[in-house]
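The residues making up each chain are set out below.
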Amino acid sequence: MDRFDTGRAGEPGASQLAERVLARTAGAPLIGGNAVQVLKDAAENFPAWLAALRRAERSVFFECYIFENDALGREFVTTLAERARAGVAVRVIYDWLGTSRARSLFRPLVEAGGEVRAFNPPRLGSPIGWLTRDHRKVIAVDGRIGFVSGLCVSARWRGDPRRRLDAWRDTGLEIRGPAVPELERAFGEVWAAIGAPLPQTALTAPGSIQDEGGVALRVIASAPSSGRILRLDQLVAAGARERLWLTDAYFVGITPYVHALCAAANDGVDVRLLVPGASDLPVVRRLSRAGYRALLESGVRVFEWSGSMLHAKTAISDDNWARVGSTNLNFASFLTNYELDVAIEDERVVETMARMYEEDLGHATEIVLNRRRMGRPVKAMSRPEHPRRVLSGSAGRAAAGALSVGATVGAALTNRRVLGPAEASLLGTVGLILLLVAAAAVAWPEVLAWPLALIATWVGVVMLDRARRLRRARKRDGP
């Protein structure tokens, strides 16, 4: 009898209970009847996207963090403009922070009748609103074919042979079947958050798309503060029995999730984390490496990609669960951004992704603990054929629990946990910066006084204006 099965008539068994838990945690039901193809890198993703867009007959919903104003970006805009002129309802959402020179890039599409909206441009009434970004990468065409990935519309993903730059490593999905209308619905939520909502007739009716295959999946549309993927990933880590293989582009582990990974590894689960060896955001790479030791000490195996930028965000658990999408394993993706991922419950798809993961490890270097600094032997590894890099130098100066600058500084100020000697470097850097700021304030008080006064004035005016609007709304609507 399964451990979740109560054995009582009329009560749910293991499968029903598991489905209920997963659906509530992810905020997404399991949708069957889909055909799913795993797409690797720009070479497979971009041609599939363009082919589907060129066949669009009714509608296109395209939401992407970055639309680069380069040859690839202009090719996509040209294709979208052609479909708009043919009568297809084309709607695009781009993130203001992620996309530059958008006005000139999208002008042909707007002139052709397409609709384009920028997510969260700076506003005087929202001093720190810029922290929330639309980080999704989603396409839905005619309600019948969709794409979910970590790729953005940028030639950077293709690489540049002339400069000896390899293509970025990334993973996407092509989805056909009843789940595609859920992608449209997720698009509609963000569209409504930044302007007038879509007319109901613009969306494909749920249940109107026929089955295309036998794959069951969940479309997990995360919004700021919802924490859907964080809760789901913690649940999956807690339930993994044999393996949990992760790939992430900008890993900065937050304490609850790192604890979940460590607990799984301590319980004998084969937990692996593949991250970039070289990143387009060096500061994130430094923070990522600061969290290695806590993972390694618990038995989590950490690998750094040896090629160009590794940008994929994937997870594999046991033989029947996988996730692909836009969510990175860090605070911003978990709690402040709009993200979208697909969780798949299908052995064939999981097997395909597992083979791809093992191929990726063939291009990665394993990180191991330093014998001398730890005063203990290197942990035994089950696959010694992987090249190894000893955790030392700048990475080795961050000890267990140093998962981010905020976590370490917070621990130092509140004494909520014991700090390790290896965290001295991080704390020393922060302390030095604070002393320099203090010295500047003493020597040139106006340097800090004026910016602080302006910021305080800005925030104060915004708060008073918000209070005034709320009071007016209360008087209008009544008690």
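Residues numbered from 1 in each chain as written. Predicted model: local features only at pLDDT ≥ 70, side-chain atom pairs only at ≥ 80, totals over all residues. Heavy atoms only, no water.

Draft legend 1. The overall build of the protein, seen in detail. For the protein, the helix and strand inventory stands at 16 helices and 16 strands. Residue pairs at least 24 apart in sequence account for 77% of intrachain contacts in the protein once pairs closer than 6 positions are excluded. (Helix = DSSP H or I, 4+ residues; strand = E, 2+ residues; numbered from the N terminus. Contact = heavy atoms within 4.5 Å.)

Draft legend 2. Main features of the state of the cysteines. Evaluated as defined, the whole model comprises zero disulfides. In this model Cys64 remains outside any disulfide bridge; the closest cysteine sulfur is found in Cys152, 4.2 Å from its own. A residue is classified by how much of its surface remains accessible, and Cys64, at 1% relative accessible area, is buried. Look at Cys152 and you get buried, because its relative accessible area is 1%. (Disulfide = S-S within 2.5 Å. Buried < 20%, exposed > 50% of the residue type's maximum accessible area, 1.4 Å probe, protein only.)

Draft legend 3. Region of the structure containing the packing of helix H2 (residues 41-54) against helix H3 (residues 71-85). Axis separation between H2 and H3 bottoms out at 9 Å; the angle between their running directions is 20°. Taken together, H2 and H3 sit at an angle that is classed as roughly parallel. Every pair of crossing elements has a handedness; the one defined by H2 and H3 is left-handed. For the pair H2 and H3, the contacting residues are Phe46, Trp49, Leu50, Leu53 and Arg54 in the first and Leu72, Glu75, Phe76, Thr79, Leu80 and Arg83 in the second. (Axes fitted to C-alpha atoms, helices over the stretch in contact; angles between N-to-C directions. Parallel < 35°, antiparallel > 145°, perpendicular 65-115°, else oblique. Left-handed = near helix turned anticlockwise from the far one by under 90°.)

Draft legend 4. Broad picture of the nonpolar core. Formed by 44 residues in total, the largest nonpolar core has its most connected members in Val36, Leu173, Ile175, Leu217, Leu274, Leu340 and Ile344. Counting residues per element, this core draws most heavily on helix H11 (residues 347-361), at seven residues. In contact with Leu274, not counting residues within four places along its chain, are Leu246, Thr247, Asp248, Phe303, Glu304, Trp305, Leu310, Tyr357, Asp360, Leu361 and Ala364. Formed by 42 residues, the second largest nonpolar core is a distinct cluster that contains Val90, Leu105, Val141 and Met309. (Core = buried A, V, L, I, M, F, W, Y, C linked by side-chain atoms within 4.5 Å.)

Draft legend 5. Structural detail: the confidence of the model for the protein. In this model, the protein carries an average pLDDT of 85, and 82% of its residues clear a pLDDT of 70 or more. Segment residues 373-384: pLDDT under 50, and 25 contacts once partners within four positions in sequence are set aside and those in other chains are kept. (pLDDT = per-residue confidence, 0-100.)

Draft legend 6. How the structure looks around the packing of aromatic side chains. Scanning the model with the defined rule gives 14 aromatic pairs in all. With centroids separated by 5.2 Å and ring planes inclined at 20°, the aromatic side chains of Tyr94 and Phe106 adopt a geometry described as stacked. Placement of the pair is Tyr94 in strand S3 (residues 89-95) and Phe106 in helix H4 (residues 102-111), with a sequence separation of 12 residues. Residues Trp157 and Trp168 carry aromatic rings whose centres are separated by 4.5 Å and whose planes lie at 50° to one another, so their mutual orientation is tilted. Note that Trp157 is positioned in the loop between strand S6 (145-149) and strand S7 (171-176) and Trp168 in the loop between S6 and S7, a separation of 11 residues in sequence. A relative accessible area of 8% means that Trp168 is categorised as buried. Here the aromatic cluster, defined as three or more aromatic residues joined through ring pairs, consists of Phe46, Trp49, Phe62, Phe67, Phe76, Tyr94 and Phe106. We note Arg243 situated over the ring of Trp245; from NZ or CZ to the ring centre the distance is 4.7 Å. (Phe/Tyr/Trp six-rings, centres within 6.5 Å; stacked < 30°, edge-to-face > 60°. Lys NZ or Arg CZ within 6 Å of the ring centre and 35° of its normal.)

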